[in-house]
There are 2 protein chains.
Amino acid sequence: MHNKNSCRPEFTARYFIESSVPTEKAADIIAGEQSSGTFMSLPGETDALKSRSRARVTRIDTLPPVFEPSLRSAFAERREHKGVYHRAEIEIAFPIANVGPNISTLLATVAGNLFELGEITGLKLLDIDMPSTYASQFPGPKFGIEGTRNKAGIHGRPFIGTIIKPSIGLSAAETAEMVDALCAADIDFIKDDELLADPPYAPFDERLHAVMPVLKRHADRLGRMPMYAFNISGSIDEMLRRHDAVLAAGGTCVMVSANWVGFAGVEHLRKHTELPIHGHRNGWGAFSRHPHLGFSFAAYQKIWRLVGVDHLHVNGIRGKFSESDDSVIASARSCLAPFAGVTPLMPVFSSGQWASQAPDLYANLGSTDLMHLAGGGILGHPDGIAAGVLSMREGWEAAVAGVSLEAFAKTHPALQKALIKFSHT
Amino acid sequence: MHNKNSCRPEFTARYFIESSVPTEKAADIIAGEQSSGTFMSLPGETDALKSRSRARVTRIDTLPPVFEPSLRSAFAERREHKGVYHRAEIEIAFPIANVGPNISTLLATVAGNLFELGEITGLKLLDIDMPSTYASQFPGPKFGIEGTRNKAGIHGRPFIGTIIKPSIGLSAAETAEMVDALCAADIDFIKDDELLADPPYAPFDERLHAVMPVLKRHADRLGRMPMYAFNISGSIDEMLRRHDAVLAAGGTCVMVSANWVGFAGVEHLRKHTELPIHGHRNGWGAFSRHPHLGFSFAAYQKIWRLVGVDHLHVNGIRGKFSESDDSVIASARSCLAPFAGVTPLMPVFSSGQWASQAPDLYANLGSTDLMHLAGGGILGHPDGIAAGVLSMREGWEAAVAGVSLEAFAKTHPALQKALIKFSHT
């Protein structure tokens, strides 16, 4: 992690790159563009300056080339480039002093203009790494998994949760009715949809004050209050005010559309928060869905971990989204994996989920430190919502016990009916 | 713009979509997912709720299909989808009441989970539109083109500018020396590089207080102060503090890495600002470079216009980036075009620019309301920086006069030498 020449502290970024020029040259262009380099040799770039500020290419792992570019480049086409496009995984080391504990400048450095360089026909940020002394200068999650469990009074098992549906359009009173039904079913976690913020027919404050008494009434019965993630996404002032309103009303979680509030906004909320921050990643597909452009989730979750969300969505296996199950599992593992001493994130599975995914999730993660959210898998259970929640919990009991769902279902009718109803949907 | 059935106010989003299911079905899935729809029929989605909250597909323009998906979908592959992938441009109308004047919820609605839907193998947000009564509820640019011109005392011609290079690594004193040389050359505009925020060897405050006296000294001579865009990107508190420091020191512009500060952060700065906000779009390639994924610039600039940046980067024609010249021109035109009564943005051209691009830019835009930034094209001029700036200005004089650069250069030696030096680079 340190440059042997100067002992300057560094952080690293790993990329997939595809380029119309040989990999060594492309890597050098990237390292230059993203640090002290200029595309013309200028008198100001002295050796002392380079040694202090210039990024270094620290690793090149060559991959088989291709003969059509993944992404077109008018720059390469003007040069009538034909033939081979070089592929590699590369690592670049940047001086920490170039950036400091500044999220937007960190991103301008590892994910800035480089995506658009004319020689580049594919570029994905695969990972970042940094010394813990640097990582510790960022806020990081305030609650993480343990803090979230403590707030919710749920230990030793996953959070079984759901999303208020229809996503948008319910009045405050209708929302409270649905929350009442979900709490009566002993649910652990409920979240607003990301589309719902403050519509005139269900203003934020009305929803908060309709929902909170319901949560509190069930808390008296359950001995724990179901965690409700109120979507507070909005302007900085609105988010802080809504956070304070949730806190004052006795709520235990706030949610933001992380990508669209943005890094500085979520960081500001994190510095202020007294509640876990539920990070919704809607829009993530635009950053990630092409295999050779944008961000890998491994890098993305590290950025959000530095900023300090506590939970982060990872889709669901066998869900309704385009992502492969392997990718979903890898995402969840990365949230739980060590990273420079920064608190891990609680991964949130949702989309087309029901009891059946529990064994595969547990087998792949070896952990119950997660949220498993189901819509139809809970609300659509033939014996009602309580049986829907119970079927999810039984699925996890079977998974942790290492018993097949079919065998466990013989003595657990809620799970049994879920298997019958949902297996072929 | 209004639903004829209910007269509910609406805004619209236009998309390119490619899908494994017929376009009508895919469009309906998107409209449902991004409003009140659920993937299971739920009792709560009443007709009254649908009429209030459900988005409508208002237009489908079918395009020729393809037989390989642009983006893979594990969902479609699990269904063993083979054969045709349907392509179309579609328009969806959303109820304004679903969102309100909330940037992050607007984006969660028009650019949220839809990128990841299993049936979708390509999706680009092409444009958005809205009534001026809705647009006027967002902050919008405080200065725009006229406000920027007034701050800089530059009228009737483009801003000729440059970027401090090397991007990062100079001390505060070295930066001030370079600014002195640029101001002595009568430059209009100078900006920090996006990589430079607050490094220990050139802290923000030191740079500010080294640069400002230089700008003021030249202002006395020029009768106008060259505009310097200080990169204030950082946390919310840092940005406000740095904005205030620039203002107090007599500076006239602040800059942010717009994508990485994020929408709520830049909106917060906009509400506070007394200075034009120079929007740097580094990272934009990750959102845009694939033709069938992410954002078009036409939509992107509208979002930033609602938020309220004053200037926005658009790359340069014949530059070092991958973008085509047609795309660069279209981007600049969109910044200048009317949009729901929101103040236009000043487009900023940079990357591989010199005097030669002026005629093409003027022919395509019919305007000098722009910034034309050159690095090597100014600093690398054989007769020095002043001749570099002069050659750019002469290029624009020729363009506006409708005289060829070659003809104009016969009586303008700075332009003449630029043509000789740069024509074959």
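Refer to the structure presented above.
Predicted model only: the values in this text are computed from it and were never measured. (Residues numbered from 1 in each chain as written. Chains lettered and ligands numbered in written order. Predicted model: local features only at pLDDT ≥ 70, side-chain atom pairs only at ≥ 80, totals over all residues. Heavy atoms only, no water.)

A word on the overall build of chain A. Along chain A, the regular secondary structure elements total 19 helices and 13 strands. At 24 Å, chain A has a C-alpha radius of gyration in line with the 22 Å of a compact globule built from 425 residues. With the principal axes as the frame, chain A shows a C-alpha extent of 75 × 45 × 40 Å. Residues counted as buried form 66% of the 425 residues belonging to chain A. Once local pairs closer than 6 in sequence are excluded, the contacts in chain A between residues at least 24 apart make up 76%. Carbon and sulfur atoms provide 53% of the accessible area of chain A, an area that totals close to 14,100 Å². Between the centroid of the 41 positive side chains of chain A and the centroid of its 45 negative side chains there is a distance of 2 Å. (Helix = DSSP H or I, 4+ residues; strand = E, 2+ residues; numbered from the N terminus. Rg over C-alpha atoms; globule rule 2.2 N^0.38 Å. Buried < 20%, exposed > 50% of the residue type's maximum accessible area, 1.4 Å probe, protein only. Contact = heavy atoms within 4.5 Å. Areas by Shrake-Rupley, 256 points an atom, 1.4 Å probe, with all protein chains shown as cover. Lys, Arg positive; Asp, Glu negative; His and termini not counted. Charge placed at Lys NZ, Arg CZ, Asp CG, Glu CD.)

The next subject is the interface of chain B and chain A. With 95 residues of chain B at the interface, the matching set in chain A holds 95 residues. It is Glu-116, Trp-260 and Arg-289 of chain B in chain B that bury the most area against chain A; as a group they hold 11% of the surface buried on that side. Joining chain B to chain A, the criterion identifies six salt bridges. Linking chain B with chain A are 36 residue pairs in polar contact (both at pLDDT 80 or more), by the criterion used here. Among the elements that line the side of chain B that touches chain A, the one with the most residues is helix H11 (residues 263–272) of chain B, at six residues. (Buried area = accessible area lost by both parts, 1.4 Å probe. Salt bridge = Lys/Arg side-chain N within 4 Å of Asp/Glu carboxyl O. Polar contact = N/O pair within 3.5 Å; in protein donor to acceptor, adjacent residues only side chain to side chain.)

What follows is about the sheet that holds strand E10 (residues 293–295) of chain A. Residues and elements named next belong to chain A. The sheet built from five strands is open, its strands ordered E2-E3-E1-E4-E10 with mixed pairing. Either end of the sheet is taken by a strand with one partner, and the two such strands are strand E2 (56–66) and E10. Averaged over all adjacent pairs, the angle separating strand axes in this sheet is 15°, with direction ignored. Taken together, the 10 bridges between strand E1 (residues 10–19) and strand E3 (residues 85–95) define a ladder with antiparallel strand orientation. Within the sheet, the bridge partner assigned to Ser-19 lies in E3 and is His-86. Packed onto the sheet, helix H1 (residues 23–33) meets E1, E2, E3 and strand E4 (120–129) and runs at close to 35° relative to E3. (Pairing = 2+ DSSP bridges. Axes fitted to C-alpha atoms, helices over the stretch in contact; angles between N-to-C directions.)

Once turned by 180° and shifted 0.0 Å along the axis, chain B lies on chain A with an RMSD of 0.0 Å. What we have between these two chains is a two-fold relation. Proximity to the rotation axis, assessed at the C-alpha, singles out Gly-262 of chain B in chain B; its C-alpha lies 1.9 Å from the axis. Comparing interface residues between copies, 100% of those in chain B also lie at the interface in chain A; the contact surface is shared. (Least-squares fit on C-alpha atoms with pLDDT ≥ 70 in both.)

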